[in-house]
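Take a look at the letters that make up each chain.
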Amino acid sequence: MRTLLIIGTTFALAGAWLSGCGGADETRRTANAAALGSSAARIVEARNLTPENVEAALKTYMPSGQHDEFVMFASSGHAGQIIVIGIPSMRILRTIAVYTPESWQGWGFGMGNDVIAAGAVDGKTMTWGDTHHPAISRRNAEYDGEWLFIADKAHARMAVIDLRTFQTKQIVKNPIALSDHGGAFVTPDTEYIIQGGQYGHPLGWEYAPIEQYEEMYRGHVTFWKFDRERGRIDIDKSFALELPPYWQDLVQVGWGPSDGWLFMNSINTELHTGGVLEGEPPFETGVSQSDMDFMHIIPWRKAVETFEAGKFDRIKGFPVISLDTIRSEELLYFAPEPKSPHGVDLAPGGEFIVVAGKLDPHVTIYSIEKLKQAINERNYTIDENYGIPILDFDSVVEAQVEVGLGPLHTQFDDKGYAYTSLFLDSAVARWTLGGPYADKNPDQPWSLVTTTPVHYNIGHLATVAGDTAKPEGRYLVALNKWSVDRFTPVGPLLPQNLQLLDISQPGTDMPVLYDMPMGIGEPHYAQIIRADKLKPWRVYPEIGWEALKGAVSPNATTRGQERIERDGDTVHVYTTVVRSTFRPDRVIVREGDRVVWHLTSIERTMDAIHGFTIPGFNIMTSIEPGEYQRLEFIADKAGVYPFYCTEFCSALHLEMMGYFIIEPAS
Amino acid sequence: MNSSSRRHTDGKRTKASPRRVPLAMARALFAVAALLLIVSFFQPYWKMTLQAPQYPQGLTVQAYLHGLTGDVDEIDGLNHYIGMRPLEEAAQLERQFSPVMIGVMSAMLLAAMFVPRVWATLLALPVVFFPPGFLLDLFFWLHHFGQNLDPTAALSSSVKPFTPPVLGVGKVGNFRTVAGADTGLYMAAAASLLVIAGIALRWRAHGKSAQSAAAAPAAGRLGASAVAACAAVIVFSVSARTGADGAAPRFDIHEAIRAADEGATIVAPSGVYDAPIILDRSVRLIAERGAVIDACGRGNGVRITAPGAELHGFTIRNTGASLHEENTGVLVLAPRAVIENNTIENALFGISLKNASGSIVRGNTIVGMDLHVARRGDGIRAWHSNDLIIEGNTVRAVRDVVVWYSERVALTDNHIVDSRYGLHFMYCHDNVLTGNRLEGNSVGAFLMYSRNIMARRNTILNNRGPSGYGIGLKDMQGVTIEENAIVGNRVGIYFDNPPMFEAAHDEFRANLIAYNDVGVLLQPLVSQVAIFENSFIENIQQVGIRGGGELRGNELTRDGRGNYWSDYRGFDLDGDGVGDHPHRVEGLWDSLVDREPALRLFLYSPAQQAVEFAASAFPVVRPRPIVSDGAPLMRPAHTSPTPEDESDPRCFALLAGALLTIVAITLVGAMTSFGPTRRAGRPTKSHTLKAEASR
């Protein structure tokens, strides 16, 4: 009895000690939770919140100083820029000016004018763009966070953005096309950046009457060679394929089992050309006539070989592989896909490709294995319009899953789930992949698991790395087109609604966490990357770094080297910029002089940014720590022009200015 | 000596027991009659042929006891012009009970074999009166149908009410009708004669002994001759029936079309024709019974490229299976076509209308290919074709029925079942949907981007795909949905309808919305919708808002009348039929179910009651009001078609009654025949034995 008592007491004490031993942290956390109880409960009651609201708030709130785990790069549609958003806080971190001049960044007002001018159409500078599908550069089909590419649908251009400085470095104009939609998409190691065409037109946009649509109008897919060393598109090594004018739509480049294959959908195989006043059905009607359109399947490495073997024509000087060559070299196959589809999305393993027809409640999944087999076995008929092989539908389809009304775009996670946006249902559908994915989750393969309503009219969606070989799941952002009543009304032009969903739990638990109004553009498509894959610079590596050249400029100025030099009618002004002075602070030239102003920021502190503007010359440039910039203009009218620093930099920011004086000619 | 009262103690047969041979004959006759009666059930009882120049082989209808065969559809089609109801509606009760009747009568005959003659006679009498009874009933129905013609029918002025003769020749319009009995009726008549003979024999079997001794062979002869007579009758009628069903003369339909003048009528005789049939002239192509167009698994069935072409009565089957070639049963590419009373089976796309304004698609039966639903083609597909009449078609197991970019389309009385989209409308203005039955599809009707749609008196039942809307509305304007029965779907009506114009109002009235998972589901942005005089009955969730929020700017009452809610717990003190306090569709329960649909499992459970009680007692989590009906009705106000009741309780009652009667008769008969009797002087066997033993 006594023994028992002793042993028992020993155990009890040991137990008490052990349990007390999550120690201080435990106690603090428990105390926190208890404190949470009363004041949090008061807030919950006052604001009429539900438990789900509270959970969502806890999942998205980012305390001051803490960073988001993921970063989303979203297009901005016809605002012509990229928007960078932290996930899960859904806070806008910044915008990146691309096609549209943006004065805060100084883009197009002093810096980047040449870059924008390089994208001119027929000699006319375009000052806006329609950005749709951003693409982060990749290695092994995964994001590497170094470069970002985005095309301009309005003028068929492509831009390269450096993710060390989050700045646009290059804009190229496609010489043969004025319309694209599938851009940008990249090959698994970013050898090429792909730009797929959209509205058919004669290549080089030469004139041809609309009645000759079938003969003269064409689509295209352009391969831009990316030189990673230089960080620029190499136009000389780029080429295009001439395609039937079927209005190609979106692109996906394969990896793994589908490495070497490129997929593109199309929406107007009806070859409809409109003509409402002539009694023809309008485009929306005519393009929706057929039950099936064609998924384009291109062995792109073979296309590269064909290009390198010189088997191309030149249109406006740009190499184009003609339809004849495509037929003879077997560079294009068609597979029927349902009803004007919008997405062609590759599953993470690279073995299935998912197509969602806008007006078909089923998504259709093709097997890469079966596509290759059908091609090898020549299991096809021939398209009577352009002679391209059409693979037999039944022999290439793996499954069809009914997901809901108006499916558009699919992305994936790491648990074998696929997520498809449902435009007509205003919802996101979660469904399961089959085959090798069947064991990754407890749900039946090839079947719908759940749908979550979104508000409203969802277009694309993005999951973390959801279009790569290694998606991470966790979060999904629904890019909804209409917000209607979700936010405080702000006039007739309303923001879009980006909604964050939690997809971390398997099964039917897929709640909406946050509604984010997007009132500065219309994001079409976005990519979400793990934040620590990005390695942006905090300041420029060396003083005098010229961003677009990627090196220190010979015209950079250091402290003590500031001067003004005259060379005939040209005046060079070498200025250092540092808190809170421009040196020199008096710049006097004569009327008619060409002024070249060299600005060097000699700051080394993170976030010590200055701006520079001269009134009346429409100049505004933002100078980051260590950066060198060059401005050039004609001092055409005598007068006194005070210049100043525009970006609040210091206590004496107001005093950071100078006088630019133009003496009269006589 | 009165033989009937003589007593014998020597065990010899008494006068009271029947003669053996005539008894056996009678029993045999009864048995044969019963057999004949059963066999007659599977034979046609009556046949009518309609003859007219445009039907060289005539139209025939044969009446079995349980139903009709022959050119019923074609005849119905003709009849509807004169306002006669479809033949299927005649004698429904009789047809439903006929198997029971035959069964019971045969059973009674068999029972009659073992009971005393009085009972036997009674049991056998129905069979005797059956054939004339049949003819009388037939006359009644012919009279009823012929006299009650719809005065609003197209040709009502040309044909006055009439009674087609049951037997013999008649005339209707330009048709000559020839009606007569058929095999089954002959058999029933024969059975009837046999039964009469049998009854006679039973009574004779109880006659005088001397007569009975002579009567035995006489009875035998009577029976035998009766059987022989019946056999002859049967053989004659059966042989008379096997008519000239020989092979039709070979008919080159393609040549006939080529050679025809514009506007001509071509009648295709029975036979199988190669597809595709191309109607590039404006001709009327009419099928005789048995005319089939077979595409043998490749391409389309019929392709119409000339305006005003018509296709009647064909069976079209086995098109190709290519979705991107859109292999279609009947492909109409020109306006004002008439596609009527055809049967389209094993076709990828059934009927496709492109640029085919002014066409009529009526009375066709379309059955899709046996493929996964997403792989099939559409049953009916209308694209860019205005002023269409699509009515009375039966569409089953296809993919979708699709009407796109087509205005002023009337979709009436169609049955669309077991498919994906029962109806999909897109950019179709000024259209009318009435009397359709959309059942068992993935989605009933989904209407998008269209103006001025009226949907009335449709039955929308059990559509339960992932979206599972009975009716889905997206960006519609000027919608009137009234008097429909919307039952058993996942969602009765789904509204995703921001108002397109300030003045546009959408009305939903007098619908029955019952037994759906969610009665009515709305996006919170919906406004300017009026929902009144509907009956919301036992939907698991009566009203839902997708994703939470509050509805604004909608009205749930009109002229002081709201909706009937089966879960309204109110009262009506002033007796005006309207509840005295508003019906608030909210409740903690609904909020929870909105968030966690799986909770619906616990509906009507004590757990739910507890939750509701807790909410009222401890309002920590306040429920969000969804809608409030200020004038909830005390009684259902919908005026929709009632979904048909499949089973008929009267049938079972009668069957039970009949069986009980038979059992009762048999028992009584058995007891009186075989039980111990107390007839005077008739010793029982046991008594005799005892007596023997006691000696």
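Rules used in this analysis
- Residues numbered from 1 in each chain as written.
- Chains lettered and ligands numbered in written order.
- Predicted model: local features only at pLDDT ≥ 70, side-chain atom pairs only at ≥ 80, totals over all residues.
- Heavy atoms only, no water.
- Helix = DSSP H or I, 4+ residues; strand = E, 2+ residues; numbered from the N terminus.
- Buried < 20%, exposed > 50% of the residue type's maximum accessible area, 1.4 Å probe, protein only.
- Contact = heavy atoms within 4.5 Å.
- Areas by Shrake-Rupley, 256 points an atom, 1.4 Å probe, with all protein chains shown as cover.
- Salt bridge = Lys/Arg side-chain N within 4 Å of Asp/Glu carboxyl O.
- Pairing = 2+ DSSP bridges.
- pLDDT = per-residue confidence, 0-100.
- Patch = residues over 30% accessible without salt bridge, like charges linked within 9 Å, V, L, I, M, F, W, Y side chains within 5 Å.
- Buried area = accessible area lost by both parts, 1.4 Å probe.
- Polar contact = N/O pair within 3.5 Å; in protein donor to acceptor, adjacent residues only side chain to side chain.
- Axes fitted to C-alpha atoms, helices over the stretch in contact; angles between N-to-C directions.
- Parallel < 35°, antiparallel > 145°, perpendicular 65-115°, else oblique.

Quick notes on the overall build of chain B
Move 1: What chain B contains, in helices and strands, is 11 helices and 44 strands.
Move 2: By residue count, 50% of the 695 residues in chain B fall in the buried class.
Move 3: Excluding contacts between residues fewer than 6 apart, the proportion of contacts in chain B whose partners are at least 24 apart in sequence is 58%.
Move 4: Summing over all exposed atoms, chain B offers an accessible surface of approximately 31,100 Å²; the carbon and sulfur share of this is 59%.

Quick word on the pattern of salt bridges
Move 1: By the definition in use, this model includes 68 salt bridges over all chains.
Move 2: Glu330(A) is the partner of Arg378(A) in a salt bridge, and the nearest nitrogen-oxygen pair spans 3.1 Å. Separated by 48 residues along the polypeptide, Arg378(A) in the loop between α9 (368-376) and β21 (380-382) and Glu330(A) in the loop between α8 (323-329) and β17 (333-338) bring together distant segments of the chain.
Move 3: Between Glu262(B) and Arg281(B) there is a salt bridge, with its nearest N and O atoms 3.5 Å apart. One end of the pair, Glu262(B), is in the loop between α7 (253-259) and β6 (265-268); the other, Arg281(B), is in the loop between β8 (277-279) and β9 (284-287), and 19 residues separate them in sequence.

Some details on the pairing of strand β19 (residues 365-368) of chain B
Residues and elements named next belong to chain B.
Move 1: Only one face of β19 is covered, namely the one carrying Ile366 and Gly368; the face carrying Thr365 and Val367 has none of its residues buried.
Move 2: The pairing of strand β16 (residues 343-347) with β19 spans 4 bridges and is parallel. What sits directly across from alanine 347, in β19, is glycine 368.
Move 3: When β19 meets strand β22 (residues 394-396), the two strands line up parallel, connected through 3 bridges. Residue pairing across strands places valine 367 opposite arginine 396, the latter belonging to β22.

Looking at the confidence of the model for chain B
Move 1: With 77% of its residues at a pLDDT of 70 or more, chain B shows a mean pLDDT of 81.
Move 2: Highest mean pLDDT in chain B belongs to strand β18 (residues 360-362) of chain B (97); lowest belongs to helix α11 (residues 685-694) of chain B (48).

Section: a nonpolar patch on the surface
Residues and elements named next belong to chain B.
Move 1: On the surface, Val118, Trp119, Leu122, Trp203, Val668 and Met671 cluster together into a nonpolar patch covering about 570 Å² of accessible area.
Move 2: The set of elements that each furnish at least two residues to the nonpolar patch consists of α4 (117-147) and α10 (649-674).
Move 3: Sort the elements by how many residues they give to the nonpolar patch and α4 lands first, with 3 residues.
Move 4: Structurally, valine 118 is set in helix α4.
Move 5: Here valine 118 falls in the partly exposed class, since its relative accessible area comes to 46%.

Notes on the interface of chain A and chain B
Move 1: Facing the 42 residues of chain A at the interface are 41 residues of chain B.
Move 2: Between chain A and chain B, the buried area comes to about 3,600 Å², and carbon and sulfur atoms account for 56% of it.
Move 3: Per-residue buried area on chain A facing chain B is highest for Gln289(A), Asp291(A) and Leu424(A); these three make up 16% of the total on that side.
Move 4: In this structure, the connection of chain A to chain B is made through 4 salt bridges.
Move 5: Note that Arg375(B) is salt-bridged to Asp394(A), the shortest N-O span being 2.3 Å.
Move 6: Where chain A touches chain B, the interface holds 14 residue pairs in polar contact (both at pLDDT 80 or more).
Move 7: Of all the elements in the fold, those that place two or more residues in the side of chain A that touches chain B are α6 (283-286), β14 (292-299), α10 (393-396), β23 (397-402) and β27 (448-453) of chain A.
Move 8: If you tally residues by element for the side of chain A that touches chain B, the top one is α6(A), at 3 residues.

Observations concerning the sheet that holds strand β4 (residues 135-139) of chain A
All names here are of chain A.
Move 1: What the 4 strands build is an open sheet, ordered β4-β5-β6-β7; its pairing is antiparallel. In this open sheet, the two edge strands, each paired with only one partner strand, are β4 and β7 (167-173). Averaged over all pairs of adjacent strands, the angle between strand axes in this sheet comes to 30°, irrespective of strand direction.
Move 2: Both strand β5 (residues 142-152) and strand β6 (residues 157-162) contribute to a ladder of 6 bridges, which runs antiparallel. Across the sheet, the residue bridging to alanine 151 is methionine 158, located in β6.

A look at the packing of helix α1 (residues 20-41) of chain B against helix α3 (residues 92-112) of chain B
Residue and element names in this part refer to chain B.
Move 1: As a packed pair, α1 and α3 sit with axes 8 Å apart at the nearest point and diverge in direction by 170°. With respect to α3, the element α1 is oriented roughly antiparallel. Every residue of α3 that contacts α1 at Phe30, Ala31, Ala33, Ala34, Leu37, Ile38 and Phe41 is listed here: Ser98, Pro99, Ile102, Met105, Ser106, Leu109, Leu110 and Ala112.

Considering the sheet that holds strand β25 (residues 417-422) of chain A
Residue and element names in this part refer to chain A.
Move 1: On the basis of which strands lie adjacent, the open sheet formed by 4 strands has the order β24-β25-β26-β27 and antiparallel pairing. Looking at which strands have only one partner, the edges of the open sheet turn out to be β24 (407-412) and β27. Averaged over all pairs of adjacent strands, the angle between their axes in this sheet comes to 25°, without regard to strand direction.
Move 2: In this sheet, strand β26 (residues 427-432) lies alongside β25 in antiparallel orientation, the contact comprising 6 bridges. Its bridge partner lying in β26, threonine 420 is registered against alanine 429.

With respect to unusual backbone geometry
Most peptide bonds adopt trans geometry, and most residues besides glycine take a negative phi value.
Move 1: At the junction of Arg579(A) and Ser580(A), the peptide bond is cis and its omega measures out at -15° in the coordinates.
Move 2: Locating Ser580(A) in the fold gives a position in the loop between β36 (570-578) and β37 (581-583).
Move 3: The phi dihedral of Trp247(A) is positive, around 60°, even though this residue is not glycine.
Move 4: Mapped onto the elements, Trp247(A) comes out in the loop between β11 (232-243) and β12 (248-253).
Move 5: In this structure Trp247(A) comes out as buried when scored by relative accessible area, which is 10%.
Move 6: Within the chain, Arg457(B) stands out as a residue other than glycine whose phi angle is a positive 55°.

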